[in-house]
Amino acid sequence: MKGKTNNMTQNAKIRRPMGLLQFVGMALMVLALLGSCELETSRNKKLDGYWRLQQIDSIGTGGVNTMQGKRLFWAIQHKLLELRDVDGKISKCLLRFERQGDSLLLSEPYLYDRENGDKPLENTEILLHYGVNSLNEHFKIDNLTTSRMVLSSRKCRLHFVKF
């Protein structure tokens, strides 16, 4: 019995350093993998999210469209903007955007069509419903909080509430 106990004690001593070596090796592999990956994160902070378009003010005429009965949304994430009518009456669009300080620059608009491939838009017919007046639109961020956003272009001012 005494011989078996010594054998077990010797085996336990041998296994402990081996387990420690495996743990250290795995930890080094994980650190190497994490260090080699470059994660791209959004720097949009309050801008990212799902925004409901509540009102469009015309700067030239002073007119106000309260968007009564319409449920139009801007979904903003990282560098992509999705324009969506949740009632399905207006086609969905995708745009690239870049934020520079208090400016929001929209570009590369596409008609959203995952089944047949998204198609580049050639005119603003659909975009106008969402308050976008040109294929490359520049907005000034007038106000941005965690719950409200106001954007202005040369032609209009857009008021949003965050969902």
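Now for a quick tour of the structure. (Residues numbered from 1 in each chain as written. Predicted model: local features only at pLDDT ≥ 70, side-chain atom pairs only at ≥ 80, totals over all residues. Heavy atoms only, no water.)

Turning next to the pattern of salt bridges. What the rule picks out here adds up to 7 salt bridges. In this structure, the salt-bridge partner of Asp 118 is Arg 114, at a minimum N-O distance of 3.3 Å. A salt bridge links Lys 140 to Asp 142; the nearest nitrogen and oxygen atoms lie 3.5 Å apart. Residue classification places Lys 140 among the partly exposed residues on the basis of a relative accessible area of 38%. Classification of Asp 142 by relative accessible area gives partly exposed; the value is 35%. Because the salt bridges share partners, they merge into one network encompassing Asp 102, Lys 140, Asp 142 and Arg 157. (Salt bridge = Lys/Arg side-chain N within 4 Å of Asp/Glu carboxyl O. Buried < 20%, exposed > 50% of the residue type's maximum accessible area, 1.4 Å probe, protein only.)

Here we take up the pairing of strand β1 (residues 49-58). Two elements, β1 and strand β3 (residues 72-77), share 4 bridges in a ladder whose sense is antiparallel. Within β3, the position partnered with Arg 52 by the bridge is Phe 73. One ladder, built from 7 bridges, connects β1 with strand β10 (residues 156-162); its direction is antiparallel. From the neighbouring strand, Arg 52 faces β10, where its bridge partner is Val 161. Both β1 and strand β2 (residues 64-65) contribute to a ladder of 2 bridges, which runs antiparallel. Looking at the pairing, Ile 56 lines up with Asn 65 of β2. (Pairing = 2+ DSSP bridges. Helix = DSSP H or I, 4+ residues; strand = E, 2+ residues; numbered from the N terminus.)

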